[in-house]
Amino acid sequence: MPPSHEDASEAEAQLSGVARLGLIGHPIAHSRSPAMQQAAFDALDLPARYEQWDTPDEMALAERVAALRQPAMLGANVTIPWKEAVAPLLDDLDDSARRIAGAVNTIIRAEMEQGVRLTGHNTDAPALDRTLDDLGAWSDARRMLVLGAGGAAQAALGVAHMRGVEPWLVARRIETAWEAMAKLATRLPVPERWRDHVVALDDPGALRAALTESQILINATPVGVGDIEASPLPLDLLAALPSDAAVLDLIYAPPETALVRAARARGLRAEGGLPMLLYQGALAFTLWTGQPAPLDVMRRALAIE
Ligand code: NAP
């Protein structure tokens with residue numbers, strides 16, 4: 001039987017001494033991670049090739065993770081829709097993946113005495129934490145309002161818990177918000193009262209009241225992706241935020257969303273998703289290489305400037 005494309009890539013990488021990494025997800029053609037990571041490896045003269053590993057189904061995921069055990073592999077990034085499903089296929093999870101975010105976005109391959117170990121990490125959560133820190137959002141923050149109840153919202157809630165900040169979770173359906181809070185409680189010792197810190201997006205009165213109490217607002221929905229006019233909430237509601245509030249939109253394309261634009265126009269501190277994308281990639285790079293990430297090179301590769 002002729003060797004598969006994967007076997008041939010692995011054999012060629014072993015012969016040439018080039019380490020292999022890649023992005024596991026579906027779809028991934030739009031992702032900026034390959035360009036950002038390849039630029040970092042090239043800048044530090046580290047012989048590595050960052051590949052796109054489109055992974056359409058669970059069988060392909062299992063095969064891809066098994067292939068990560070081969071000698072030339074350094075690790076991987078994981079994105080939608082596999083950040084949770086990949087966890088049981090790994091040997092270990094660090095605290096960022098197991099407890100803070102409840103999902104894996106980075107895998108490290110290590111050779112130990114007992115054999116190859118694949119460890120799952122989550123660099124989204126510390127990257128979100130650092131982006132808020134850059135904004136000066138943590139000083140005096142008591143409440144964080146999170147729009148959306150998916151994977152990124154879980155990371156935001158985990159970071160809020162770590163920082164001792166109480167959340168408001170806002171979702172299209174109140175049931176979805178309850179489920180997200182229940183999911184959080186399976187991995188972190190959240191206070192009972194957090195279960196009631198939920199608001200339905202179509203309840204403007206409750207939303208306005210929650211905004212009034214929040215020093216941090218995070219958009220963890222995809223509303224605004226590729227659309228400079230779309231906003232996850234009516235923009236006039238931003239007037240309810242305290243004047244020292246900080247707004248973080250996790251969307252990075254466009255770099256300045258309608259939400260960020262409106263927040264800045266009101267004099268609020270606001271940031272889009274590009275710095276978080278940069279930091280999560282930089283943290284992954286350091287986990288794989290043990291070296292500080294060349295942030296400027298990676299930022300240029302993301303065309304942030
Ligand atoms: P996800 O797991 O699919 O969750 C998306 C959430 O948004 C769900 O709760 C969904 O609600 C909600 N939603 C979708 N459409 C909505 C609408 N029209 N109005 C209100 N809520 C809506 O996605 P994710 O992984 O959390 O990612 C969310 C966003 O963050 C994406 O745009 C992603 O690219 C971005 N992100 C950025 C970074 C970064 O580094 N900057 C990192 C992670 C994620 P339902 O449950 O009701 O469908």
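Please refer to the structure placed before this passage.
Throughout, residues of each chain are indexed from 1 in the direction in which the sequence is written. In view of the model being predicted, local features appear only for residues whose pLDDT reaches at least 70, and side-chain atom pairs are presented and counted only at 80 or more, with totals across whole chains, interfaces and linings using the full set of residues. Based on all heavy atoms of the structure, the side-chain values leave hydrogens and waters out of the count.

Student: Sorry if this is basic, but what is going on with the site of the ligand here?
Tutor: Near, as used in this document, describes a residue that has one of its heavy atoms within 4 Å of the molecule or strand being considered. As a structural note, the neighbourhood of the ligand is formed by 20 residues, with Ala149, Ala152, Arg172, Leu250 and Gly273 the closest of them. With residues, only the protein chains shown are counted as cover, and all accessible areas are computed by Shrake-Rupley using a 1.4 Å probe. Bound to the protein, the ligand loses 72% of the 920 Å² it would expose on its own. Counting residues per element, the ones that place at least two in the shell around the ligand are α6 (151–163) and α10 (274–289). In terms of residue class, the shell around the ligand is built from 13 nonpolar, six polar and one charged. Strands here are runs of E lasting at least two residues and helices are runs of H or I lasting at least four, both read from the DSSP assignment and numbered beginning at the N terminus. We call Asp, Glu, Lys and Arg charged. Ala, Val, Leu, Ile, Met, Phe, Trp, Tyr, Cys and Pro are nonpolar, and the rest, Gly among them, are polar.

Student: Which parts of the structure should I look at to understand the packing of α6 against helix α7 (residues 174–185)?
Tutor: Two elements in contact, α6 and α7, have axes whose closest approach is 11 Å; the angle formed by their N-to-C orientations is 55°. Between α6 and α7, the angle is such that the two are oblique. Of the two elements, α6 crosses α7, and the hand of that crossing is right-handed. Residues Gln154, Leu157 and Gly158 of α6 lie in contact with α7, whose contacting residues are Ala180, Met181, Lys183 and Leu184. Taken together, the residues of the contact of α6 with α7 sort by class into four nonpolar, two polar and one charged. Each axis is a line fitted through C-alpha atoms, taken for helices only over the stretch in contact, and angles between the N-to-C directions span 0 to 180 degrees. Angles below 35 degrees are treated as roughly parallel, those above 145 as roughly antiparallel, those between 65 and 115 as roughly perpendicular, and all remaining angles as oblique. What makes a crossing left-handed is the near helix being turned counterclockwise from the far one by less than a right angle; a clockwise turn instead makes it right-handed. Residue contacts follow a heavy-atom distance rule, with two residues in contact if any of their heavy atoms lie within 4.5 Å.

Student: Got a minute to help me understand the environment of methionine 298 in this structure?
Tutor: Position of methionine 298 relative to the elements: it lies in helix α11 (residues 295–301). Classification of residues uses two cut-offs on accessible area relative to the type maximum, computed with a 1.4 Å probe and protein chains only: under 20% is buried, over 50% is exposed, and between them is partly exposed. We classify methionine 298 as buried; its relative accessible area is 0%. Along the backbone, methionine 298 and alanine 282 are 16 residues apart, and their C-alpha atoms lie at a distance of 7.8 Å. Once you skip the residues sitting within four places of it in the chain, methionine 298 turns out to touch Met36, Gln37, Ala40, Leu278, Gly281, Ala282, Phe285 and Ala293.

Student: Is there a simple way to think about unusual backbone geometry in this case?
Tutor: Backbone geometry follows two general trends: most residues other than glycine have a negative phi, and most peptide bonds adopt the trans configuration. Cis geometry marks the peptide bond from histidine 26 to proline 27, where omega comes out at -5°. Isoleucine 80 connects to proline 81 through a cis peptide bond whose omega is 5°. Inspection of the secondary structure assignment puts proline 81 in the loop between β3 (73–78) and β4 (92–93). Residue aspartate 45 is not a glycine yet carries a positive backbone phi of 55°. Among the structural elements, aspartate 45 can be located in the loop between α2 (33–43) and β2 (48–54). The class of aspartate 45 is exposed, set by a relative accessible area of 69%. A positive phi angle, close to 70°, is found at aspartate 140, a residue other than glycine. The topology assignment puts aspartate 140 in the loop between α5 (124–134) and β7 (143–147).

Student: Even after reading the chapter, I still don't get the pairing of strand β10 (residues 216–219), so can you show me in this structure?
Tutor: Moving residue by residue along a regular strand, the side chains alternate between the two faces of the sheet. Residues Ile216 and Ile218 line one face of β10 and the alternating positions Leu217 and Asn219 line the opposite face, and both faces are buried. Here, strands pair whenever DSSP counts at least two bridges between them. Across four bridges, β7 lies against β10 in parallel orientation. Pairing of valine 146 across the sheet is with isoleucine 218, part of β10. Relative to strand β11 (residues 246–249), β10 runs parallel, the two being bridged by four bridges. Along β11, the bridge assignment pairs isoleucine 218 with leucine 248.

Student: Teacher, can you tell me more about the nonpolar core here?
Tutor: Across soluble globular proteins, nonpolar side chains show a tendency to be buried alongside one another. As used in this record, nonpolar core signifies buried Ala, Val, Leu, Ile, Met, Phe, Trp, Tyr and Cys residues forming a set joined through side-chain atoms within 4.5 Å. Counting residues in each nonpolar core, the largest one holds 57 residues, and the members touching the most others are Leu128, Leu132, Met144, Leu169 and Ile218. Take this core: its biggest share by element is nine residues, from α10. Ignoring any residue separated from it by four or fewer positions in sequence, one finds leucine 128 in contact with Ala156, Val159, Ile218, Leu248, Leu250 and Met276. Membership of the second largest hydrophobic core comes to 22 residues, among which are Val199, Leu237, Val247 and Ala263.

Student: So what exactly am I meant to see when it comes to the pairing of strand β8 (residues 166–171) here?
Tutor: Among the six residues that make up β8, six are buried, leaving the element largely enclosed by the rest of the structure. Burial of the side chains of β8 extends over both faces: Glu166, Trp168 and Val170 are buried on one face and Pro167, Leu169 and Ala171 on the other. Strand direction decides the pairing type here: β7 and β8, joined by five bridges, are parallel. Paired with arginine 143 across the bridge in β8 is glutamate 166. By convention, a crossover is right-handed whenever its connection, traced from the first strand over the helix to the second and viewed with the strands pointing away, goes clockwise. As a crossover connection, the stretch from β7 through α6 into β8 is right-handed. Looking at chain direction, β8 and strand β9 (residues 198–200) are connected through three bridges and run parallel. For valine 170, the partnering residue across the bridge sits in β9 and is valine 199. Taken together, β8, α7 and β9 constitute a β-α-β crossover, and its handedness is right-handed.

Student: I would appreciate a short explanation of the packing of α2 against α10 in the present structure.
Tutor: In a packed pair of helices, the relevant descriptors are the angle between the two axes and the axis-to-axis distance. Viewed as axis vectors pointing N to C, α2 and α10 meet at an angle of 50°, and their least axial separation amounts to 11 Å. The angle between α2 and α10 falls in the class oblique. With respect to the hand of their crossing, α2 and α10 are arranged in right-handed fashion. Within the contact between the two elements, α2 uses Ser33, Met36, Gln37, Ala40 and Phe41 and α10 uses Leu277, Leu278, Gln280, Gly281, Ala284, Phe285, Trp288 and Thr289. Among the residues making up the contact of α2 with α10, the classes are represented as eight nonpolar, five polar and no charged.

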